[in-house]
Amino acid sequence: MAFYRPAHYQKPLVITLLLTLAMLPPVLDAWGQAFYIGFATRILIFALAASSLNLVLGFGGMFSLGHAAFFGAGAYVAAMCMDNGISDALFAFPLAMSVAGLLALVVGAISLRTRGVYFIMITLAFAQMTYYLFVSARVLGGDDGLPLTGRMTLGGLSLTSDGALFYSALGCLALVMTFLGRLSGARFGRTIQAVRDNEARMEALGYPVFRYRLVCFALGGALAGLAGALLANLTGLANPNLLQWTQSGTLLVMVIIGGVGYLYGGVIGALVLLCLEEVLAGFTLHWHIGLGLLLIAIVLFAPRGVAALFGKSNG
Amino acid sequence: MTQLVLEQALNGLQFGLMLFLLAAGLTLVFGIMDCINLAHGSLYMVGAYFVAAAAQAADSFWIGLGAGVAGAAGLGLVLELSLFRQLYRRDHLSQALATFGLILIANEAVRMIWGPQPLLLNAPEALSGPVEIGGFFYPAYRLVIIVFGLGVAGLLYLLVARSRVGMWVRAGAANREMTEALGVNVQGLFTAVFVFGAALCALAGGLLGPLLAVQIGMGESVLILAFVVIIIGGIGSIRGALVGSLIVGTVDTLGRALLPTLLRAALPADAAATLGPALASILIYLLMAAILFFRPQGLFPARA
C-alpha cells in the first residue's frame with residue numbers, strides 16, 4: 001500500500017464542503033425535512049467512528065475486528081456521566097475518550113503480541129468480553145442498555161436541538177479529520193505507515209514498532225469513544241448493540257467501501273453505506289439482500305474502495 | 001451436586017461435539033485456503049432451516065436431516081464455484097467484506113422465505129423421553145447427538161489421518177504451494193473441502209435444531225464460538241479443532257451451570273449474583289486470550 005499524502009487541491013474542497021454542511025440544518029428546516037438533520041448527524045458520527053478505525057486499519061495496518069468495543073464504551077461512559085449528574089460534554093467527551101483509549105491500550109497491549117488472523121480473532125474476543133461484561137452488569141441496564149435522561153450541554157450551550165447536536169458532531173469530525181490529516185503527514189503517521197508496509201525493516205532501523213502500533217491502536221480507540229459518546233447523545237441510549245461484533249463489521253465495511261488508508265476513506269464509506277441503507281430501505285423491506293450483493297460486487301470489482309477512484313491522493 | 005456436574009458435563013460434551021462439526025469445516029477452509037469465512041455461521045443457519053423445512057414436508061426428522069444436509073452441500077458447491085474461488089487469493093479484508101455481505105443476504109433470504117418467526121423442529125418421537133444411565137436420567141435425544149457426534153468425529157479423524165485425500169488436505173494446510181507443485185489438484189480439493197464443511201454445518205444445525213431455536217441470527221453467535229475453537233486449537237488442525245471444541249463446550253456449559261454457585265460460596269451474595277453470569281459468559285474468551293498469550297499459534301499449529 002502506498003503512503004498517504006494530503007493533496008493540495010483538498011483544502012479548498014474541504015472548506016467548501018464544510019460551509020455547505022453548515023448550511024444544511026437551516027435549509028432542511030426550511031424545507032420541512034427536519035428528520036434528515038438527525039440522519040445527517042448520524043452520518044457524521046459514523047464518519048468519525050469509521051475514520052478512527054481507518055487510523056488503526058488503514059494507516060496502522062492492524063486488522064481489528066473489535067473496534068465496536070471502544071465505540072460502545074464511549075456511549076456507555078456518556079450515559080454513566082448523565083446518570084451521575086455530569087451533563088457537560090466538555091467533561092464527558094474527554095472522559096469517554098480516555099476510558100475508551102485506556103481500554104484500547106490494555107486490549108492492544110495483549111493483542112499486538114499476535115499476528116495475522118490471530119490478531120483479528122483476539123481483538124474479536126476482547127470485544128465479545130466487553131459486550132458480555134456490559135450486558136451482564138445490572139447498573140448498566142443489561143440487555144436494555146442505559147438510557148440518557150436528556151442531551152448534554154457543551155459549555156453553556158444545550159445540545160437538545162437537533163441542529164446544535166449536528167454542529168457539535170460536525171465540529172468534532174472536522175477537528176478529528178484535521179488532526180488525522182496532520183498526523184498522517186507527521187513523523188508518527190509516516191512511521192506507522194512504514195511499519196504497516198515493512199515491519200521487519202522498521203524494526204531493523206531501530207524503531208520501537210510495538211509501541212508505535214500500540215499508540216496508534218489506543219488513539220483509534222479513543223476517537224471511537226468520542227464517536228460513541230456523540231451517538232449516545234443522538235439516540236438517547238447507550239445500546240448494547242453498539243458493542244456487538246456485527247457493529248465492528250459494519251465499521252469495517254464502511255472503511256473498506258470508502259478506501260482503506262485514504263484519509264477520507266472512513267468519511268466516504270459512512271456516507272455511502274448509510275445513504276445506501278436509507279435508499280434501499282425506501283425501495284424494499286428486504287434491502288439487506290441488495291446491500292449484501294453490493295458488498296460482494298465491491299470486493300470483486302472495486303477492491304480498493306471509493307476513495308481510490310479519485311486516484312490522485314495516492315502518491 | 002455430583003449429578004448436576006455429571007449431567008452438565010454430558011451437556012458440555014454434546015455441545016462440544018456439535019461445535020466440532022462446525023469448527024472442522026471452518027478450520028480447513030481457514031487453514032488450507034487461508035480464507036476468512038464469516039458466512040460459515042450462515043451455512044449453519046441455512047442448513048438448519050433446510051433440515052426443519054424438509055422434516056416438516058416429509059414428516060420425518062431423519063429424512064429431513066438427510067435432505068437438509070444434501071441441500072446445504074449443494075448450496076456450498078454453488079457458493080464455492082461462484083464466489084469463494086475468487087476470494088482465495090485475495091487479502092483477509094476482502095474476504096471479510098464479501099462474506100459479511102453473504103451473512104446479510106442469508107439472513108434476509110431466510111426471512112423472506114420462512115418469515116421472521118423461529119421454525120419448529122421436533123426431535124423424533126422415539127427419542128423424546130429420558131433414559132437412565134448409571135442411576136440418573138438423561139434425555140435420549142441428547143445422548144443420540146453425543147453418539148452421532150462421536151461417530152462423525154471418528155470418521156473425520158480416519159478420513160483426515162488415514163486416507164489419501166486426508167493426506168492431501170493435511171499437506172495443503174501445511175504448505176499449499178508445495179502440494180500444488182507435487183501434482184495434487186488443490187483447486188478440486190478446495191471445492192470438496194468446502195462442500196464437506198457446508199454439509200457438516202447443516203448436520204450440526206439440524207441436530208441442534210430441536211434443542212435450540214431454528215431462527216435468524218443463530219449463525220452469528222455460533223460462528224464466534226467456532227472461531228474461538230479453531231484459534232484455541234490452531235488454525236488448520238483437525239485434532240486442534242476437536243480438542244478446542246471439547247474444551248470450549250465443557251468450559252462454557254460447566255461455567256454457566258456451576259460458576260454462580262461456586263462464587264456464592266466465596267463472595268457476598270450480591271457480588272456473586274452480578275459477577276457470576278458475567279464471568280460465565282466471558283470464560284471462554286478469557287481462556288482464548290490466555291492461550292493466545294502463551295501459545296500464539298494455538299495448541300496444535302498445523303504449520304510447524
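What you see is a predicted model; the values in this text were computed from it and never measured.

What counts, and at which threshold
- Every residue gets a number counted from 1 within its own chain, in the order that chain's sequence is written.
- Chain letters start at A and ligand numbers start at 1, both assigned in the order the entries are written.
- Local features in this predicted model are restricted to residues of pLDDT 70 or higher, and side-chain atom pairs are both shown and tallied only at a pLDDT of 80 or more, whereas totals for entire chains, interfaces and linings draw on every residue.
- In this description a helix means any DSSP run of H or I spanning at least four residues, a strand means any run of E spanning at least two, and both kinds are numbered starting from the N terminus.
- Our exposure labels follow a C-beta count within 10 Å of each residue's own C-beta, placed from the backbone: buried means 20 or more other C-beta atoms, exposed means 12 or fewer, and partly exposed covers the counts in between.
- It is the C-beta atoms, placed from the backbone, that decide contacts: two residues are in contact if theirs lie within 7 Å.
- For this measure, only C-alpha atoms enter the radius of gyration; the expected value for a globule follows 2.2 Å times N^0.38, where N is the number of residues.
- In this description, a nonpolar core means buried residues of the types Ala, Val, Leu, Ile, Met, Phe, Trp, Tyr and Cys, linked to one another by C-beta atoms lying within 7 Å.
- Only strands joined by at least two bridges in the DSSP assignment are considered to pair.
- Residue classes follow a fixed rule: Ala, Val, Leu, Ile, Met, Phe, Trp, Tyr, Cys and Pro count as nonpolar, while Asp, Glu, Lys and Arg count as charged, and any other residue, Gly among them, counts as polar.
- Where helices are involved, their axes are fitted lines through C-alpha atoms of the stretch in contact, as for all axes, and angles between N-to-C directions lie from 0 to 180°.
- Throughout this description, any angle smaller than 35 degrees is read as roughly parallel, any larger than 145 degrees as roughly antiparallel, any in the 65 to 115 degree range as roughly perpendicular, and the remainder as oblique.
- Handedness of a crossing is defined here by the sense of rotation of the near helix relative to the far one, left-handed for an anticlockwise turn of less than a right angle and right-handed for a clockwise turn.
- Think of the arc as the fan of directions from the helix axis to the C-beta atoms.
- Predictor confidence is given residue by residue as pLDDT, running from a minimum of 0 to a maximum of 100.

J.: Tell me what's going on with the overall build of chain B, and back it up with residues and numbers.
T.: The helix and strand inventory of chain B stands at 11 helices and 2 strands. In chain B, the order of α-helices and β-strands from amino to carboxyl end is α-α-α-α-β-β-α-α-α-α-α-α-α. C-alpha atoms of chain B, sized along the principal axes, occupy 60 × 50 × 35 Å. Counting all 304 residues of chain B, 52% fall into the buried class. Residue pairs at least 24 apart in sequence account for 76% of intrachain contacts in chain B once pairs closer than 6 positions are excluded.

J.: If you had to explain the overall build of chain A to someone new, which residues and values would you point to?
T.: Scanning chain A from terminus to terminus reveals 12 helices and 4 strands. The C-alpha atoms of chain A give a radius of gyration of 19 Å, which matches the 20 Å a tight globule of 315 residues would have. The principal-axis extents of the C-alpha atoms in chain A amount to approximately 55 × 45 × 40 Å. The buried share of chain A, reckoned over its 315 residues, is 51%.

J.: Kindly report on the nonpolar core, identifying the contributing residues and their values.
T.: In terms of nonpolar packing, the biggest core is built from 217 residues, with Leu48, Ala78 and Leu226 of chain A together with Leu22, Ala72, Ala226 and Val228 of chain B touching the most fellow members. Ignoring sequence-local partners within four residues, the contact set of Leu22 of chain B consists of His40, Tyr44, Leu200, Cys201, Ala204, Val222 and Ala226 of chain B.

J.: A description of the pairing of strand β1 (residues 130-133) of chain B should follow, citing residues and the corresponding values.
T.: A regular strand carries its side chains on alternate faces of the sheet. All names here are of chain B. In the sheet, β1 pairs with strand β2 (residues 136-139) via 4 bridges, with the strands oriented antiparallel. Of the residues in β2, the one forming a bridge with Pro130 is Pro139. The turn joining β1 and β2, which pair antiparallel and follow one another in sequence, is formed by 2 residues; a positive phi near 50 degrees is taken by Gly134.

J.: A description of the interface of chain B and chain A should follow, citing residues and the corresponding values.
T.: Listed by partner, the interface residues are 35 residues for chain B and 38 residues for chain A. Among the elements that make up the side of chain B that touches chain A, the one with the highest residue count is helix α4 (residues 92-114) of chain B (15 residues). Its residues placed into classes, the side of chain B that touches chain A shows 26 nonpolar, 7 polar and 2 charged.

J.: Explain the packing of helix α2 (residues 40-58) of chain B against helix α3 (residues 61-87) of chain B to me, and be specific about the residues and the numbers.
T.: Residue and element names in this part refer to chain B. At a minimum axis distance of 7 Å, the contact between α2 and α3 shows a crossing angle of 140 degrees. The pairing of α2 with α3 is recorded here as oblique in orientation. Between α2 and α3 lies a crossing whose hand is right-handed. Counted together, Leu43, Val46, Gly47, Phe50, Val51, Ala54, Ala55 and Ala58 of α2 and Phe61, Ile63, Gly64, Leu65, Ala67, Gly68, Gly71, Ala72, Leu75 and Gly76 of α3 form the full contact between these two elements. When the residues that make up the contact of α2 with α3 are grouped by side-chain class, the tally is 13 nonpolar, 5 polar and no charged.

J.: Describe helix α6 (residues 164-174) of chain B, naming the residues involved and giving the relevant values.
T.: Residue and element names in this part refer to chain B. Along α6, the residues classified as buried are Trp168, Val169, Gly172 and Ala173. For α6, the angular spread of buried residues about the axis comes to 135 degrees, placing them on one side. Those residues of α6 hidden inside the fold are in contact with α1 (2-33), α5 (140-162), α7 (176-181) and α8 (186-208).

J.: Report on the confidence of the model for chain B, specifying residues and quantitative values.
T.: When pLDDT is averaged across chain B, the result is 86; 99% of the residues are at 70 or more. Both scores are available for the predicted complex, with the pTM at 0.84 and the ipTM at 0.80.

J.: Tell me about the environment of Leu259 of chain B, residues and numbers included.
T.: All names here are of chain B. Considering the arrangement of structural elements, one finds Leu259 in helix α10 (residues 238-266). For the pair Leu259 and Leu283, spaced 24 residues apart in sequence, the C-alpha to C-alpha distance is 9.9 Å. Beyond its immediate chain neighbours, meaning those up to four positions away, Leu259 contacts Gly276, Leu279 and Ala280.

J.: Outline the packing of α2 of chain B against α8 of chain B, supporting the account with residue identities and numerical values.
T.: Residue and element names in this part refer to chain B. At a closest axis distance of 7 Å, the pairing of α2 and α8 adopts a crossing angle of 55 degrees. Between α2 and α8, the angle is such that the two are oblique. By crossing handedness, the relation of α2 to α8 is classed as right-handed. When α2 is examined against α8, the residues His40, Leu43, Tyr44, Met45, Gly47, Ala48, Phe50 and Val51 are found in contact with a partner set consisting of Ala198, Cys201, Ala202, Ala204, Gly205 and Gly206. In the contact of α2 with α8, the residues fall into 10 nonpolar, 4 polar and no charged.

J.: Requested: an account of the environment of Ile192 of chain A, with residues and values cited.
T.: Residues and elements named next belong to chain A. Examined against the element boundaries, Ile192 turns out to sit in helix α7 (residues 187-197). The class for Ile192 is buried, based on 27 C-beta atoms found within 10 Å. Separated by 17 residues in the primary sequence, Ile192 and Val209 place their C-alpha atoms 8.1 Å from one another. Residues within four places of Ile192 in sequence aside, it is in contact with Phe59, Gly60, Tyr212, Arg213 and Cys216.

J.: For unusual backbone geometry, give the residues involved together with the corresponding values.
T.: In terms of backbone geometry, most residues other than glycine have negative phi values and most peptide bonds are trans. Residues and elements named next belong to chain B. The phi dihedral of Asp59 falls on the positive side, at around 60 degrees, and the residue is not glycine. You can see Asp59 is positioned in the loop between α2 and α3. You can call Asp59 exposed: it has 8 C-beta atoms within 10 Å.

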